[in-house]
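Here's the letter readout for the chains.
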Amino acid sequence: MGILHVAICDNDAEQRESLSAMLTELRGDAYEIRTFEHPIGLIGCIRAEHYLPDMILMDVCFPGTNGIEAVQSIRSIDAAAQILYISGHTAYIGDSFETVHTGYLLKPLLPEKLNQALLRAEARIAADADDAIVISAGNSFFRISRRSIRYLESNRRKALIHGENETKEVYRKLDALKEQLGARFIRCHKRYLVNIAHVRRIENGQITLTGGTVIPISKAHLQAVRQVLAAYPGETT
(Lines give C-alpha, C1' and ligand atoms only; values in the text may rest on other atoms or scores of the structure.)
Protein backbone atom coordinates (compact mmCIF):
# COMPACT_ATOMS: atom_id res chain seq x y z
CA MET A 1 0.00 0.00 0.00
CA GLY A 2 1.48 3.35 -1.05
CA ILE A 3 1.03 6.79 0.41
CA LEU A 4 -2.49 7.37 1.72
CA HIS A 5 -4.30 10.66 1.20
CA VAL A 6 -5.89 11.83 4.44
CA ALA A 7 -8.21 14.80 4.99
CA ILE A 8 -8.74 16.38 8.40
CA CYS A 9 -11.86 18.53 8.76
CA ASP A 10 -12.15 20.47 12.04
CA ASN A 11 -13.06 24.10 12.65
CA ASP A 12 -10.62 24.38 15.56
CA ALA A 13 -7.16 25.32 14.24
CA GLU A 14 -5.38 23.89 17.29
CA GLN A 15 -7.25 20.60 16.91
CA ARG A 16 -6.34 20.40 13.22
CA GLU A 17 -2.69 21.03 14.00
CA SER A 18 -2.66 18.59 16.91
CA LEU A 19 -4.35 15.82 14.94
CA SER A 20 -2.07 16.34 11.96
CA ALA A 21 0.97 16.13 14.24
CA MET A 22 -0.38 12.97 15.87
CA LEU A 23 -0.91 11.32 12.49
CA THR A 24 2.61 12.26 11.42
CA GLU A 25 4.02 10.84 14.66
CA LEU A 26 2.10 7.58 14.18
CA ARG A 27 2.62 7.14 10.43
CA GLY A 28 5.51 9.38 9.37
CA ASP A 29 5.53 9.97 5.62
CA ALA A 30 2.95 7.24 4.93
CA TYR A 31 0.16 9.85 4.97
CA GLU A 32 -0.26 12.91 2.77
CA ILE A 33 -2.40 15.16 4.95
CA ARG A 34 -4.65 18.06 3.96
CA THR A 35 -6.61 20.07 6.49
CA PHE A 36 -9.95 21.86 6.12
CA GLU A 37 -11.70 24.28 8.45
CA HIS A 38 -15.23 23.47 7.31
CA PRO A 39 -16.95 20.71 5.30
CA ILE A 40 -17.85 23.28 2.62
CA GLY A 41 -14.15 23.60 1.84
CA LEU A 42 -13.60 19.85 1.76
CA ILE A 43 -16.64 19.15 -0.42
CA GLY A 44 -15.71 22.02 -2.72
CA CYS A 45 -12.21 20.57 -3.10
CA ILE A 46 -13.62 17.12 -3.86
CA ARG A 47 -15.83 18.55 -6.59
CA ALA A 48 -13.45 21.09 -8.09
CA GLU A 49 -10.19 19.12 -7.90
CA HIS A 50 -11.60 15.57 -8.01
CA TYR A 51 -9.84 15.14 -4.68
CA LEU A 52 -10.70 11.68 -3.34
CA PRO A 53 -9.00 11.08 0.00
CA ASP A 54 -8.52 7.52 1.20
CA MET A 55 -9.50 8.57 4.71
CA ILE A 56 -11.41 11.50 6.21
CA LEU A 57 -11.16 12.47 9.88
CA MET A 58 -14.32 14.50 10.40
CA ASP A 59 -15.30 16.61 13.40
CA VAL A 60 -19.03 16.59 14.14
CA CYS A 61 -19.90 20.16 15.19
CA PHE A 62 -19.57 23.00 12.68
CA PRO A 63 -21.28 26.38 12.27
CA GLY A 64 -24.40 25.89 10.17
CA THR A 65 -24.05 22.13 9.73
CA ASN A 66 -22.61 18.99 11.27
CA GLY A 67 -20.08 16.44 10.14
CA ILE A 68 -22.66 13.70 9.71
CA GLU A 69 -24.63 15.75 7.19
CA ALA A 70 -21.35 16.57 5.46
CA VAL A 71 -20.45 12.89 5.18
CA GLN A 72 -23.87 12.18 3.66
CA SER A 73 -23.05 14.73 0.95
CA ILE A 74 -19.59 13.24 0.45
CA ARG A 75 -21.03 9.73 0.15
CA SER A 76 -23.07 10.85 -2.88
CA ILE A 77 -19.72 11.35 -4.63
CA ASP A 78 -17.41 8.93 -2.88
CA ALA A 79 -18.54 5.59 -1.48
CA ALA A 80 -14.99 4.38 -0.81
CA ALA A 81 -13.37 6.86 1.59
CA GLN A 82 -12.89 5.61 5.14
CA ILE A 83 -14.60 7.96 7.59
CA LEU A 84 -13.44 8.48 11.17
CA TYR A 85 -15.56 10.85 13.25
CA ILE A 86 -13.61 12.88 15.80
CA SER A 87 -15.77 14.62 18.38
CA GLY A 88 -15.93 15.89 21.93
CA HIS A 89 -19.63 14.98 22.11
CA THR A 90 -21.29 11.62 22.67
CA ALA A 91 -24.73 12.91 21.68
CA TYR A 92 -24.06 12.34 17.99
CA ILE A 93 -22.88 8.73 18.21
CA GLY A 94 -26.34 7.38 17.37
CA ASP A 95 -26.77 9.77 14.44
CA SER A 96 -23.38 8.73 13.05
CA PHE A 97 -24.83 5.32 12.16
CA GLU A 98 -26.87 7.02 9.45
CA THR A 99 -23.62 6.96 7.47
CA VAL A 100 -21.08 4.26 6.64
CA HIS A 101 -18.03 4.97 8.77
CA THR A 102 -15.07 3.20 10.37
CA GLY A 103 -15.07 4.71 13.84
CA TYR A 104 -16.23 7.42 16.23
CA LEU A 105 -13.43 8.71 18.45
CA LEU A 106 -13.88 11.03 21.41
CA LYS A 107 -11.68 14.02 22.16
CA PRO A 108 -9.20 14.34 23.72
CA LEU A 109 -7.71 11.71 21.46
CA LEU A 110 -5.53 8.99 22.90
CA PRO A 111 -2.77 7.88 20.50
CA GLU A 112 -3.48 4.18 21.08
CA LYS A 113 -7.19 4.63 20.32
CA LEU A 114 -6.42 6.62 17.19
CA ASN A 115 -3.88 4.03 16.08
CA GLN A 116 -6.42 1.22 16.45
CA ALA A 117 -8.91 3.15 14.32
CA LEU A 118 -6.25 3.89 11.70
CA LEU A 119 -5.36 0.19 11.51
CA ARG A 120 -9.02 -0.69 10.85
CA ALA A 121 -9.29 1.98 8.18
CA GLU A 122 -6.02 0.93 6.54
CA ALA A 123 -7.13 -2.71 6.44
CA ARG A 124 -10.34 -1.73 4.67
CA ILE A 125 -8.46 0.50 2.23
CA ALA A 126 -6.10 -2.37 1.39
CA ALA A 127 -9.01 -4.81 0.96
CA ASP A 128 -10.83 -2.41 -1.37
CA ALA A 129 -7.78 -1.29 -3.35
CA ASP A 130 -8.75 -3.21 -6.50
CA ASP A 131 -12.48 -2.78 -6.03
CA ALA A 132 -13.06 0.98 -5.92
CA ILE A 133 -13.47 2.65 -9.30
CA VAL A 134 -13.94 6.24 -10.42
CA ILE A 135 -16.62 6.72 -13.06
CA SER A 136 -16.67 10.06 -14.84
CA ALA A 137 -18.46 11.81 -17.68
CA GLY A 138 -17.73 15.44 -18.43
CA ASN A 139 -17.51 17.33 -15.13
CA SER A 140 -19.48 14.68 -13.27
CA PHE A 141 -17.71 11.89 -11.37
CA PHE A 142 -18.09 9.55 -8.43
CA ARG A 143 -16.16 6.71 -6.80
CA ILE A 144 -18.01 3.47 -6.21
CA SER A 145 -17.31 -0.13 -5.23
CA ARG A 146 -17.51 -2.63 -8.08
CA ARG A 147 -18.87 -5.22 -5.65
CA SER A 148 -21.80 -3.00 -4.78
CA ILE A 149 -22.98 -2.67 -8.40
CA ARG A 150 -25.68 -5.21 -9.16
CA TYR A 151 -26.45 -4.26 -12.75
CA LEU A 152 -26.34 -1.42 -15.25
CA GLU A 153 -29.18 -0.29 -17.47
CA SER A 154 -29.17 1.80 -20.64
CA ASN A 155 -31.83 4.50 -20.62
CA ARG A 156 -31.53 6.55 -23.80
CA ARG A 157 -28.30 8.53 -23.48
CA LYS A 158 -27.82 7.66 -19.83
CA ALA A 159 -26.55 4.60 -18.04
CA LEU A 160 -28.22 3.78 -14.74
CA ILE A 161 -25.86 2.11 -12.31
CA HIS A 162 -27.92 0.13 -9.83
CA GLY A 163 -26.06 -0.46 -6.58
CA GLU A 164 -27.08 -2.25 -3.43
CA ASN A 165 -28.47 0.91 -1.84
CA GLU A 166 -28.79 3.52 -4.57
CA THR A 167 -28.93 4.18 -8.31
CA LYS A 168 -26.57 6.60 -10.04
CA GLU A 169 -26.90 8.14 -13.51
CA VAL A 170 -24.06 8.87 -15.89
CA TYR A 171 -23.89 9.91 -19.54
CA ARG A 172 -21.85 6.91 -20.70
CA LYS A 173 -22.43 3.98 -23.04
CA LEU A 174 -22.70 0.50 -21.58
CA ASP A 175 -19.84 -0.82 -23.74
CA ALA A 176 -17.47 1.83 -22.36
CA LEU A 177 -18.53 1.09 -18.79
CA LYS A 178 -18.14 -2.65 -19.33
CA GLU A 179 -14.55 -2.11 -20.47
CA GLN A 180 -13.85 -0.09 -17.34
CA LEU A 181 -15.61 -2.43 -14.93
CA GLY A 182 -13.97 -5.66 -16.09
CA ALA A 183 -14.76 -9.25 -17.01
CA ARG A 184 -17.20 -9.94 -14.16
CA PHE A 185 -19.68 -7.58 -15.80
CA ILE A 186 -21.40 -9.23 -18.75
CA ARG A 187 -23.98 -8.01 -21.23
CA CYS A 188 -27.14 -10.05 -20.84
CA HIS A 189 -29.39 -7.89 -23.01
CA LYS A 190 -28.92 -4.94 -25.34
CA ARG A 191 -30.01 -2.67 -22.47
CA TYR A 192 -28.39 -4.43 -19.51
CA LEU A 193 -25.02 -5.37 -18.01
CA VAL A 194 -25.03 -7.65 -14.98
CA ASN A 195 -22.46 -8.24 -12.25
CA ILE A 196 -22.15 -12.02 -12.10
CA ALA A 197 -21.47 -11.86 -8.35
CA HIS A 198 -25.09 -10.79 -7.89
CA VAL A 199 -26.67 -13.44 -10.14
CA ARG A 200 -28.78 -15.92 -8.19
CA ARG A 201 -30.49 -17.88 -10.94
CA ILE A 202 -31.35 -17.88 -14.64
CA GLU A 203 -34.67 -19.21 -15.83
CA ASN A 204 -37.48 -18.41 -18.26
CA GLY A 205 -35.50 -15.73 -20.05
CA GLN A 206 -34.79 -13.82 -16.84
CA ILE A 207 -31.98 -13.31 -14.36
CA THR A 208 -32.82 -13.04 -10.67
CA LEU A 209 -30.34 -10.94 -8.71
CA THR A 210 -29.59 -10.43 -5.04
CA GLY A 211 -32.47 -8.60 -3.46
CA GLY A 212 -34.95 -10.27 -5.82
CA THR A 213 -34.55 -7.87 -8.76
CA VAL A 214 -35.36 -9.55 -12.08
CA ILE A 215 -33.86 -8.39 -15.39
CA PRO A 216 -34.21 -9.89 -18.88
CA ILE A 217 -31.65 -12.06 -20.62
CA SER A 218 -31.90 -12.39 -24.37
CA LYS A 219 -31.30 -15.61 -26.28
CA ALA A 220 -28.44 -13.93 -28.11
CA HIS A 221 -26.55 -13.42 -24.83
CA LEU A 222 -27.60 -16.51 -22.86
CA GLN A 223 -24.67 -18.71 -23.86
CA ALA A 224 -22.09 -15.99 -23.20
CA VAL A 225 -23.53 -15.33 -19.74
CA ARG A 226 -23.43 -19.04 -18.87
CA GLN A 227 -19.81 -19.23 -20.06
CA VAL A 228 -18.79 -16.34 -17.83
CA LEU A 229 -20.60 -17.86 -14.85
CA ALA A 230 -18.77 -21.13 -15.46
CA ALA A 231 -15.44 -19.30 -15.66
CA TYR A 232 -15.93 -17.83 -12.17
CA PRO A 233 -17.26 -20.67 -10.01
CA GLY A 234 -18.15 -19.58 -6.53
CA GLU A 235 -19.00 -16.05 -7.61
CA THR A 236 -22.73 -16.78 -7.44
CA THR A 237 -24.94 -18.65 -5.03
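This text follows the structure it describes.
One structure accompanies this document, and this report is about it. Quantities reported herein were computed from a predicted structural model and do not represent experimental measurements.

A word on the pattern of salt bridges. Here the structure, examined in full by the defined rule, presents twelve salt bridges. The partner of Arg147 in a salt bridge is Asp131, and the shortest N-O contact between them spans 3.7 Å. With a gap of 16 residues between them, Arg147 in the loop between strand S9 (140-145) and strand S10 (149-155) and Asp131 in the loop between helix H5 (111-127) and strand S8 (132-137) connect regions that are remote in the sequence. The class of Asp131 is buried, set by a relative accessible area of 8%.

Bridging between strand S15 (residues 199-203) and strand S16 (residues 206-209) involves four bridges; their strand directions are antiparallel. Along S16, the bridge assignment pairs Arg201 with Thr208. Counted between consecutive antiparallel strands, the loop separating S15 from S16 contains two residues, among which Asn204 sits at a positive phi close to 55°. Sheet topology places S16 next to strand S17 (residues 214-216); three bridges connect them, and they run antiparallel. Across the sheet, residue Gln206 finds its bridge partner in S17, namely Pro216.

The next thing to look at is the nonpolar core. One finds Leu42, Ile46, Ile56, Met58 and Tyr85 to be the most contacted residues of the largest nonpolar core, which totals 23 residues. Elements that contribute at least two residues to this core include exactly strand S1 (4-9), helix H2 (39-49), strand S3 (55-59), helix H3 (67-75) and strand S6 (82-87). Setting aside residues no more than four positions away along its own chain, Ile46 makes contact with Tyr51, Leu52, Ile74, Ile77 and Phe141.

The next point concerns the sheet that holds strand S2 (residues 31-36). In spatial order, the strands read S2-S1-S3-S6-S7; together these five strands make up an open sheet with parallel pairing. Each edge of the open sheet carries a strand with a single partner, namely S2 and strand S7 (103-106). Going from strand to strand, the sheet's axes swing by 20° on average, the running direction of each strand aside. Judged from the five bridges that link them, S3 and S6 form a sheet pairing that is parallel. Bridge pairing in S6 links Ile56 to Ile83. Against the sheet, H3 makes contact with S3 and S6, and its axis sits at roughly 150° relative to S3, the strand it touches most.

Rules and cut-offs
Residues numbered from 1 in each chain as written. Predicted model: local features only at pLDDT ≥ 70, side-chain atom pairs only at ≥ 80, totals over all residues. Heavy atoms only, no water. Salt bridge = Lys/Arg side-chain N within 4 Å of Asp/Glu carboxyl O. Helix = DSSP H or I, 4+ residues; strand = E, 2+ residues; numbered from the N terminus. Buried < 20%, exposed > 50% of the residue type's maximum accessible area, 1.4 Å probe, protein only. Pairing = 2+ DSSP bridges. Core = buried A, V, L, I, M, F, W, Y, C linked by side-chain atoms within 4.5 Å. Contact = heavy atoms within 4.5 Å. Axes fitted to C-alpha atoms, helices over the stretch in contact; angles between N-to-C directions.

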